[in-house]
Amino acid sequence: MRLPATDVGLVSAVSREWGSPLRTAARRAAGLCLVAGLLAACSDGHRGATGGAMAPDEVAVAGTAEGLPAHAPDRFGFGTEASDARVALWDIDVRPDGQGLPPGRGSVAQGRDVFNIHCVACHGPTGTEGPNDRLVDSEQWDAVPSTRTVGNYWPYATTLYDYIRKAMPQLTPGILSDDQVYAVIAYILWMNEIVSEDAVMDAETLPAVIMPARDKFVVDDRIGGTGPIR
Amino acid sequence: MPRDERPKLSRRAWITTTSGVIAAGLVKTQADAIHLGAQEAPIDPTKVPGRLVSELGSRAPAEEPKRLVRAEALSSSSRTPLADLMGTITPADLHFERHHAGIPDIQYEDHELLVHGMVERPTVFRMSDLMRYPQVSRIRFLECSGNGGGVYNRDRMPTEVTVQALDGLLSTSEWTGVAVSTILREVGVRPGASWILAEGRDSAVMSRSVPLDKVMEDSILAYGQNGERIRPEQGYPLRLFNPGYEGNTSVKWLRRIEVTDRPTHTRDETSKYTDPLGDGTVRQFSLVMDAKSVITFPSYPYVLPEAGWWEVRGLAWSGRGRITRVEVSTDGGRSWVDAALQGPILDKSTVRFRHLFDWNGRDTLILSRATDETGYVQPTVEQLWEARGTRTSYHQNHQRAWKIARTGEVTFGLGELV
């Protein structure tokens, strides 16, 4: 019988405050405790996954599991509280709902200039010639895509902002202004025939772009076990 | 101490220790002594004092295992020489690499981890803070989900390919660090949270979403690997380590964890690391590495010099738990026998398997297939084609085959079976 090498007591203790994933973990842990007849180890307030609550190959020494020893404090208090400004400095990801997009705007025409200065050397004059990743293919597909590009494969346009701001141009990431990032995205979307030539991208319009491949994405359904191979 | 002083020092030390044995004016160094000896007869190490102790060890000069580097680019990989290795642990300098924008130069003292988002107390941890938290160590494999992509296409099935080129994006280490659960407990996760975003401090700013359930169960903020600090190419000074998950999610040079209630859909979980299944859909967040095994000996380009007793050796692993069984076939998959498994068999780690084989000197194909504790049996390539089509680029964990020709030459043999 294998138990998750997680902190059984901890999971139970904090699950009240947590969302469903943890409750699942807590339930699973509790269930396993009952099944294994390890009620004592699981219910007497042990924070450490000690004794029988450990996988057989992992020697049961208190404090060596992912769990904490029974006498650990509720909080250690190491580390420094992060101010809002500190968080804002690094919180640069952009989500499909638009959260994280900065102010600013850029048009297809402006994006053409950005692209021809900063991107063309690696992605080619029409975004298809390389030598690096192909950025344009507006041909859609039914069964399998012959290429995987922004135009026929990317599910969300916001990912362009997240990625280009962080990682492009590859040798000088971070040199584009917020307006330039919006502009070059507008241009790439236009080359992929997703937006019109007069399109302007900003924090409102970019999340509203519907990408052709959006509904093709499904969450992994593999579960291991003896069932059919997926 | 300047580097060039070291040889002088040790030479002096050596002369001191051996004075009276060999005239110091004639033979100045141990190398000289060995050289002199070699002129008369094969070196007899019992007649020549050996080398002195040193601050850093090195491999025997004749042993030169190396990673395989195919393309020198910022976004590139190097592969572990699986055929040269024994047991299950990968020496840290041979651990495979996959970077998307090179290896950043990061100082331990100024590295910080920001944990924020749906938490009670957004916190910045310096490395010295993280070092104070209770520590965990786990022996776990790490595999790039693109491993084995070169042997999935029926029309381009290679024959002259080494196990390193084929499956060398796999390594196993003892990882040491802080449980992610310890740190999330510290910052207090808010109700409704279900994912994290992990972000790196390289110039790709590698970003991946990982389910909160997973990181609470067994993920580590790792700063140690095989007893030493993580090497720069493995994420020095801090990486996320998600046992059993595709390698890319174990974000290196980790600088930020944001707790969220949904995945962020970054480029490397949409454009890349997704699987078009051939039926018009694309599988996303295929995170777990399914059970797999590979024979590392005999494999290309080894040539068996004669028929007779040989030991088939290999590695098996599963991202869903422990390996429970590895079977080997020495007749092209017609019959299978259980291989011996070398304990301890660890959760989400590689297992060394062995099978003693009396080769009759005729053409044959040898295969292995692993079973994990969920009962999942490593599929054939036909089963994967059937389930996922022929155009996926990741998670190709199907059975591999090596052909042993009557000449003793070993080549990749899956092409003979499909």
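Above this note sits the structure.
(A) Representation of the pairing of strand 7 (residues 170-179) of chain B in the model. Residue and element names in this part refer to chain B. Strand 7 sits mainly inside the fold: nine of its 10 residues count as buried. Bridge count for strand 6 (residues 136-143) against strand 7 is eight bridges, and the pairing is antiparallel. Across the sheet, Val136 pairs through a bridge with Gly177, a residue of strand 7. Pairing geometry for strand 7 and strand 10 (residues 220-225), over five bridges, is antiparallel. From the neighbouring strand, Thr176 faces strand 10, where its bridge partner is Gly224.

(B) Broad picture of the interface of chain B and chain A. Taken together, the 89 residues of chain B in the interface contact 75 residues of chain A. Together, Arg138, Arg185 and Arg267 of chain B form the three largest contributors to the area buried by chain B at its contact with chain A, with a combined 10%. On the surface where chain B and chain A come into contact, there are 11 salt bridges. Residue Arg256 of chain B pairs with Asp93 of chain A through a salt bridge whose shortest N-O separation is 2.6 Å. Among the residues forming the side of chain B that touches chain A, the class breakdown is 31 nonpolar, 28 polar and 30 charged.

(C) Up close: the pattern of salt bridges. Residues and elements named next belong to chain B. Per the counting criterion, the structure on display carries 47 salt bridges over all chains. With a shortest N-O distance of 3.0 Å, Glu233 and Arg67 are connected by a salt bridge. Of the two residues, Glu233 is situated in the loop between strand 11 (228-229) and strand 12 (239-241) and Arg67 in the loop between helix 2 (30-40) and strand 1 (68-69); the sequence distance between them amounts to 166 residues. A residue is classified by how much of its surface remains accessible, and Glu233, at 12% relative accessible area, is buried. On the accessibility criterion, Arg67 (21% relative accessible area) is partly exposed.

(D) Fine view of the side chain of Thr90 of chain B. Residues and elements named next belong to chain B. By the element assignment, Thr90 lies in the loop between strand 2 (76-79) and strand 3 (97-99). For Thr90, a relative accessible area of 3% puts it in the buried group. Thr90 has contacts with Thr80, Leu85, His95, Ser171, Thr172, Ser173 and Asn226, leaving out every residue within four places of it along the chain.

(E) Seen up close, the sheet that holds strand 1 of chain B. Residues and elements named next belong to chain B. Read from one edge to the other, the open sheet built from three strands follows the order 1-2-3, with strand pairing classed as antiparallel. Only two strands of the sheet have a single partner each, and these edge strands are strand 1 and strand 3. Direction of pairing for strand 1 relative to strand 2: antiparallel, over a ladder of two bridges. Considered in strand 2, the bridge of Leu68 is made with Arg79.

Calculation notes
Residues numbered from 1 in each chain as written. Chains lettered and ligands numbered in written order. Predicted model: local features only at pLDDT ≥ 70, side-chain atom pairs only at ≥ 80, totals over all residues. Heavy atoms only, no water. Buried < 20%, exposed > 50% of the residue type's maximum accessible area, 1.4 Å probe, protein only. Helix = DSSP H or I, 4+ residues; strand = E, 2+ residues; numbered from the N terminus. Pairing = 2+ DSSP bridges. Contact = heavy atoms within 4.5 Å. Buried area = accessible area lost by both parts, 1.4 Å probe. Salt bridge = Lys/Arg side-chain N within 4 Å of Asp/Glu carboxyl O. Nonpolar A, V, L, I, M, F, W, Y, C, P; charged D, E, K, R; others polar.

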